[in-house]
Amino acid sequence: MDVFNIVIQTLDSTIRLSVPLLLACLAGLYSERSGIFDIGLEGKMLAGAFASAAAASVFHSAWLGLGMGILISVGLALVHGFASITHRGNQIVSGVAINFIAAGSTIILGQAWFQQGGRTPALAPSERFEAITFPGATALREVPVLGPIYAELISGHSLLVYVAFLAVPFTWWVLFRTRFGLRLRAVGENPAAVDTAGISVEWLRYRAVICTGVLTGIAGAYLAMVQNAGFVKDMTAGKGFIALAALIFAKWKPVNAMFACLLFGFLDALSIRLQGSPLPFIGRVPAQFMQALPYVLTVVLLAGFIGKAIPPKAGGVPYVKER
Amino acid sequence: MSAPYAKLPAWVDYGLIPLINLAVAFIVAGLVVLLVGENPFRAAAILVEGAFGRGQGIAFTLYYATTFIFSGLSVAVAFHCGLFNIGGEGQGYIAGLGIAIACLALDSILPWWALFPIAIAAAALFGALWALIPAWLQAKRGSHIVITTIMFNFIAASVMVYMLVDVIKPPGSMAPQTRLFLEGAQLPRLNWLIEMFGLGRIRSAPFNISFILALAMAWLVWLLIWRTRLGYEMRTYGFSPKAARYAGISETRIIIVAMMISGALAGMMALNPTMGDQHNVALDFVSGAGFVGIAVALMGRSHPVGIILAALLFGMLYQGGAELSFEMPNISRDMIVIIQGLVILFAGALEHMFRPAIQTLFASFSPRSVGMTEGKGA
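Residues numbered from 1 in each chain as written. Chains lettered and ligands numbered in written order. Predicted model: local features only at pLDDT ≥ 70, side-chain atom pairs only at ≥ 80, totals over all residues. Heavy atoms only, no water.

**Regarding the overall build of chain A**
In terms of regular secondary structure, chain A is built from 13 helices and 2 strands. Its C-alpha atoms give chain A a radius of gyration of 20 Å, near enough to 20 Å, the size a compact globule of 323 residues would have. Reported as C-alpha extents along the three principal axes, the dimensions of chain A are approximately 65 × 50 × 40 Å. The proportion of buried residues among the 323 residues of chain A is 57%. Look at the contacts in chain A between residues 6 or more apart in sequence, and 78% of them connect residues 24 or more apart. When the accessible surface of chain A is summed, it comes to about 13,300 Å², and 68% of that surface belongs to carbon and sulfur atoms. (Helix = DSSP H or I, 4+ residues; strand = E, 2+ residues; numbered from the N terminus. Rg over C-alpha atoms; globule rule 2.2 N^0.38 Å. Buried < 20%, exposed > 50% of the residue type's maximum accessible area, 1.4 Å probe, protein only. Contact = heavy atoms within 4.5 Å. Areas by Shrake-Rupley, 256 points an atom, 1.4 Å probe, with all protein chains shown as cover.)

**Some thoughts on the overall build of chain B**
Helix and strand counts for chain B come out as 16 helices and 0 strands. In summary, chain B has a C-alpha radius of gyration of 22 Å against a globular reference of 21 Å for 378 residues, a match within 12%. C-alpha extents for chain B along the principal axes are approximately 75 × 55 × 35 Å. Within chain B, buried positions represent 57% of all 378 residues. Sequence separation of at least 24 residues holds for 76% of the intrachain contacts in chain B that already meet a minimum separation of 6. Split by element, the accessible area of chain B, about 15,700 Å² in all, is 68% carbon and sulfur. Looking at chain B, you have 21 positive and 17 negative side-chain charges, and the mean spots of the two groups are 12 Å apart. (Lys, Arg positive; Asp, Glu negative; His and termini not counted. Charge placed at Lys NZ, Arg CZ, Asp CG, Glu CD.)

**Describing the nonpolar core**
Phe-68, Ile-86, Leu-271, Met-275, Phe-314, Val-343 and Ile-344 of chain B are the most contacted members of the largest nonpolar core, which totals 210 residues. Take this core: its biggest share by element is 15 residues, from helix α3 (residues 55-80) of chain B. A domain split of this core shows at least three residues from each of domain 1 (1-38 + 330-378) and domain 2 (65-328) of chain B. If sequence neighbours within four positions are ignored, Phe-314 of chain B has contacts with Phe-68, Val-292, Ala-295, Val-296, Met-299, Gln-340 and Val-343 of chain B. Listed in part, the 6 residues of the second largest apolar core include Val-187, Val-194, Val-201 and Tyr-319 of chain A. (Core = buried A, V, L, I, M, F, W, Y, C linked by side-chain atoms within 4.5 Å. Domains from an automatic or database assignment.)

**Considerations on the interface of chain B and chain A**
The interface is formed by 46 residues belonging to chain B together with 47 residues belonging to chain A. Each partner contributes to the roughly 3,900 Å² buried at the junction of chain B and chain A, and carbon and sulfur atoms together form 75% of this total. Contact with chain A buries surface across chain B, with Arg-141, Met-151 and Phe-154 of chain B losing the most and accounting together for 15% of the total. If you look at where chain B meets chain A, you find 0 salt bridges. (Buried area = accessible area lost by both parts, 1.4 Å probe. Salt bridge = Lys/Arg side-chain N within 4 Å of Asp/Glu carboxyl O.)

**Describing the pattern of salt bridges**
All names here are of chain B. All chains considered together, the criterion is met by 7 salt bridges over all chains. Between Glu-233 and Arg-229 there is a salt bridge, and its shortest N-O distance comes to 3.3 Å. Taken together, the residues span about one helical turn, with Glu-233 and Arg-229 both in helix α9 (residues 229-239) at a distance of 4 residues. Assessed through its relative accessible area of 68%, Arg-229 is described here as exposed.

**A few points about the domain arrangement of chain B**
Residues and elements named next belong to chain B. Domain annotation of chain B identifies domain 1 (1-38 + 330-378) and domain 2 (65-328). Averaged C-alpha coordinates put domain 1 and domain 2 at centres separated by 28 Å. Taken together, the 19 residues of domain 1 in the interface contact 18 residues of domain 2. In total, about 1,700 Å² of surface goes out of reach between domain 1 and domain 2, with carbon and sulfur atoms giving 71% of it.

**A short note on helix α7 (residues 159-177) of chain A**
Residues and elements named next belong to chain A. In this model, α7 (19 residues) spans 26 Å end to end at C-alpha, consistent with the 27 Å of a helix rising 1.5 Å per residue. For α7, the principal kink sits at Ala-167 and spans about 30 degrees; a proline, Pro-169, occurs within the next four residues. Those residues of α7 not exposed but buried are Leu-160, Val-161, Tyr-162, Ala-164, Ala-167, Val-168, Thr-171, Val-174 and Leu-175. (Expected span 1.5 Å × (residues − 1). Bend = angle between axes of the 7 residues up to and from the residue.)

**Notes on unusual backbone geometry**
Residue and element names in this part refer to chain A. Its identity is not glycine, yet Ala-237 carries a phi of approximately 45 degrees, on the positive side. Position of Ala-237 relative to the elements: it lies in the loop between α10 (201-227) and α11 (239-249). In the Ramachandran plot, Trp-252 falls in the positive-phi region, its phi being about 60 degrees despite a non-glycine side chain. Along the polypeptide, Trp-252 turns up in the loop between α11 and α12 (254-274).

**Here we look at the packing of α11 of chain A against helix α13 (residues 287-302) of chain A**
Packed helices, taken two at a time, are described by the angle between their axes plus the distance between the axes. Residues and elements named next belong to chain A. With their axes 9 Å apart at the nearest point, α11 and α13 run at an angle of 35 degrees to one another. The two elements α11 and α13 cross, and the hand of that crossing is left-handed. For the pair formed by α11 and α13, the contact residues are Ile-242, Ala-245, Ile-248 and Phe-249 on the first element and Pro-294, Tyr-295, Leu-297, Thr-298, Leu-301 and Leu-302 on the second. Here the contact of α11 with α13 is built from residues that sort into 9 nonpolar, 1 polar and no charged. (Axes fitted to C-alpha atoms, helices over the stretch in contact; angles between N-to-C directions. Left-handed = near helix turned anticlockwise from the far one by under 90°. Nonpolar A, V, L, I, M, F, W, Y, C, P; charged D, E, K, R; others polar.)

**Let's talk about helix α6 (residues 146-154) of chain A**
Residues and elements named next belong to chain A. Inspection of α6 places Gly-147, Pro-148, Ala-151 and Leu-153 among the buried residues, and these make up the whole buried set. Contact partners of the buried residues in α6: α1 (2-33), α5 (137-140) and β2 (157-158). Looking one or two residues beyond α6, the residue adopting positive phi is Gly-156, at roughly 85 degrees.

**Some thoughts on the side chain of Gln-111 of chain A**
For Gln-111 of chain A, the location among the structural elements is in helix α4 (residues 91-114). By relative accessible area, Gln-111 of chain A is classed as buried at 18%. Here Gln-111 of chain A is in contact with Gln-116, Gly-117 and Gly-118 of chain A together with Pro-329 and Asn-330 of chain B, once residues within four sequence places are set aside.

Shown next, in the form of structure tokens:
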């Protein structure tokens with residue numbers, strides 16, 4: 001029974017750790033499917049985390065916090081859009097710029113406004129999205145096997161966790177079952193064809209980066225208001241890049257993205273749980289190895305050794321109408 | 001890359017537009033200073049005073065600039081070949097391992113002038129090898145170099161944490177770093193060079209001989225890019241991979257060579273903080289210098305002279321920024337990260353933002369200078 005509990009707890013923290021990855025990964029999906037590379041997921045998530053924690057603590061409202069996080073994140077997404085869609089700048093360069101601007105300004109503004117060394121004030125429970133207990137979860141807890149699964153894994157998460165996992169089928173539906181999604185995918189593969197059909201390439205891509213901004217904003221809010229009670233400087237700690245790795249790992253598909261993020265979240269949860277204790281058969285695995293594994297796996301995938309990851313064809317190329 | 005823009009006089013292209021972009025970046029940075037409730041003009045004055053006011057400040061400015069010249073050159077070499085090497089941070093970090101091995105093994109036997117070339121070679125080799133895998137994957141398997149180099153930055157960080165904590169750390173020590181290097185692995189300071197100009201006594205600035213190496217590398221990069229066959233091939237590939245293929249240039253060879261040179265330059269960046277300043281290899285000693293190289297290369301328009309100037313500017317920001325945080329507690333060193341981001345945004349991603357306007361302006365009083373009768377922008 002003890003082993004079972006450990007498994008349940010590890011899976012539970014897997015879910016919690018994979019939520020920000022999943023939201024950021026889906027965010028990247030919209031942008032990259034429309035042909036706009038986005039390595040600024042990290043920065044947008046960080047800015048969203050800061051804005052949401054700051055607003056939540058000032059206005060004492062989790063919802064206002066979430067709104068502000070989304071607003072700021074969308075703002076940065078629009079800067080990326082302005083540079084890479086309107087001015088046809090280099091999308092990688094623009095993404096790098098956004099990461100730096102977010103990393104610096106969250107610390108500077110946080111220190112200037114709250115005077116706590118770059119932190120925001122700790123959020124009270126009412127200023128966060130608290131865990132939702134499903135009906136009957138406490139009653140069913142004692143039921144063997146299914147009880148803990150229901151009580152720990154399915155019930156008892158914050159609203160944003162359910163939002164993240166519901167965003168997966170929703171994204172699939174948007175991309176593959178709506179007109180907007182069809183056009184979005186088309187503009188990432190062959191913008192000239194979309195343009196010929198009389199649809200604005202620029203507006204379509206702008207809508208895609210706005211979707212990205214909304215989702216990275218929610219991801220940031222999750223980090224600052226659910227996983228932690230407030231903003232800590234550099235709290236994304238590379239999650240935006242792991243999400244990017246997951247996106248490639250998932251070959252730019254929403255359901256795959258969920259499994260990729262769960263896998264990377266699981267690796268993270270496992271390395272926290274193991275903390276240097278030896279594994280059967282393998283012996284002690286250095287924590288750094290587990291931390292590097294998502295990146296190594298992504299490189300191996302990119303190398304085409306386990307299936308080939310083919311990005312959207314027009315990705316990274318600014319669309320020039322005249323030619 | 002063929003820009004869909006009309007031609008402008010060279011001084012506008014290489015002088016005016018970059019300056020305008022830079023000015024806009026600093027104006028926005030000034031707005032941020034205003035937002036935290038300080039006076040941006042006073043901040044700028046403190047910054048410049050801190051960087052160039054005394055000999056001590058100048059020495060620190062040049063010390064920081066040294067690192068940025070290396071990382072800027074690294075990014076620029078790859079840029080010329082049409083590759084975006086975001087992995088300078090990781091390549092420099094891993095190069096620290098090479099330096100550690102060379103210095104720990106030889107610092108008791110050799111004097112600094114004998115060990116320095118070995119350490120340069122070790123740093124360059126480790127940096128180049130760390131760039132080799134992404135380069136090979138790009139050339140042979142078509143994996144996007146930006147993504148692989150980002151991944152390699154993280155892998156490098158994990159490798160170095162493991163090496164420093166579990167392997168290299170001297171027994172009994174708590175800090176994750178190598179032991180202090182002996183005399184043989186400590187680079188001579190160049191502070192006397194500044195004192196010669198009568199700028200006051202310099203107590204403890206780490207300005208050292210790797211600055212000379214950085215200048216030499218800048219000259220070599222210029223030679224490579226504009227005066228050799230290899231450089232010509234790299235620029236051809238960067239300008240048009242199709243044309244390069246048609247001209248019989250081996251795609252694989254050119255990508256791998258360019259990336260390894262880029263990685264070697266990024267690796268040399270590690271010499272300055274380790275052998276020049278701290279006299280050990282510590283956790284996280286690169287601290288973002290590899291990323292500063294992106295801003296430096298973009299600002300310097302990938303030309304060695306521009307890179308040296310841009311590196312000096314960022315050196316000034318780093319040194320002046322440290323002084324600034326004493327005077328204005330609300331503005332920490334992280335202000336530089338914002339400025340860095342803004343410079344990358346305005347000098348890089350938005351470099352053409354003001355071009356149409358300037359073009360129209362030029363066309364209005366001298367149509368011939370634009371090279372077209374009508375300066376049609378976008």
